[in-house]
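These are the residues of each chain, in order.
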Amino acid sequence: MSRTTELLSRAVTCQRNGMYTEARLIYTDILKEYPQNRDILLNLGIVCRLSGLYDEAIGYLKKVYPLFPGSIQVVSELGMALVQGGFSNEGISFVKSEIELHKESAELYYLLGN
């Protein structure tokens, strides 16, 4: 098993177990080697949001957004990070604009309602 594969496995395990700080450090380490890896960027955005590091989360999620066209998960994570980070108007506008593109997504309607 390669070093990166081992690190990724450890990061995912940490993330699943709520050990967000450790997961964030590992993902950041992997990102140095793979700076445009969309899965790493997404997971970094998620663990940062869950850790309350909203500005950092928004940065990662805005980077990953164009790399995952049509991803409801990315839209949801970015929308939540914006709202939780104090950018409610931007977050709500963003989710509303995405609903126009993904009218079938109950998850986005639910997100907007919360």
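The structure displayed is predicted, hence computed values, not measured ones.

Visitor: How would you summarise the overall build of the chain if you had to cite specific residues and measurements?
Guide: When its secondary structure is counted, the chain shows seven helices and zero strands. Along its sequence from the N terminus, the chain presents helices and strands in the succession α-α-α-α-α-α-α. Its C-alpha radius of gyration of 14 Å places the chain within 12% of the 13 Å reference for a compact globule of 114 residues. Considering only C-alpha atoms, the chain reaches an extent of 45 × 25 × 20 Å along its principal axes. Of all intrachain contacts in the chain linking residues separated by at least 6 positions in sequence, the fraction that spans at least 24 positions is 41%.

Visitor: Go over the confidence of the model for the chain, please, and point to the residues and values.
Guide: Predicted confidence across the chain gives a mean pLDDT of 90, with 92% of residues reaching 70 or more. For the chain, the element scoring lowest by mean pLDDT is helix H7 (residues 106–113), at 68; helix H4 (residues 54–64) scores highest, at 97.

Visitor: Could you give an account of the packing of H4 against helix H5 (residues 72–84), naming the residues involved and the relevant values?
Guide: Packed helix pairs are characterised by how far apart their axes lie and by the angle those axes make with each other. It is at 9 Å that the axes of H4 and H5 come closest, and there the two elements cross at 150°. With respect to their mutual orientation, H4 and H5 come out roughly antiparallel. In this structure, H4 crosses over H5, and the sense of that crossing is left-handed. Together, Tyr 54, Ala 57, Ile 58, Leu 61, Lys 62 and Val 64 of H4 and Val 74, Glu 77, Leu 78, Ala 81, Leu 82 and Gln 84 of H5 make up the contact between the two elements. When grouped by side-chain class, the residues that make up the contact of H4 with H5 number nine nonpolar, one polar and two charged.

Visitor: If you had to explain the nonpolar core to someone new, which residues and values would you point to?
Guide: With 29 residues, the main nonpolar core has Tyr 27, Leu 42, Leu 61 and Val 64 as its most contacted residues. Of all the elements in the fold, those that place two or more residues in this core are helix H1 (3–16), helix H2 (20–33), helix H3 (38–50), H4, H5 and helix H6 (88–101). Here the element with the most residues in this core is H3; it accounts for seven residues. The contacts of Tyr 27, once residues within four sequence positions are left out, are Leu 8, Ala 11, Val 12, Gln 15, Ile 40, Asn 43, Leu 44 and Val 47.

Conventions used here
- Residues numbered from 1 in each chain as written.
- Predicted model: local features only at pLDDT ≥ 70, side-chain atom pairs only at ≥ 80, totals over all residues.
- Heavy atoms only, no water.
- Helix = DSSP H or I, 4+ residues; strand = E, 2+ residues; numbered from the N terminus.
- Rg over C-alpha atoms; globule rule 2.2 N^0.38 Å.
- Contact = heavy atoms within 4.5 Å.
- pLDDT = per-residue confidence, 0-100.
- Axes fitted to C-alpha atoms, helices over the stretch in contact; angles between N-to-C directions.
- Parallel < 35°, antiparallel > 145°, perpendicular 65-115°, else oblique.
- Left-handed = near helix turned anticlockwise from the far one by under 90°.
- Nonpolar A, V, L, I, M, F, W, Y, C, P; charged D, E, K, R; others polar.
- Core = buried A, V, L, I, M, F, W, Y, C linked by side-chain atoms within 4.5 Å.
- Buried < 20%, exposed > 50% of the residue type's maximum accessible area, 1.4 Å probe, protein only.

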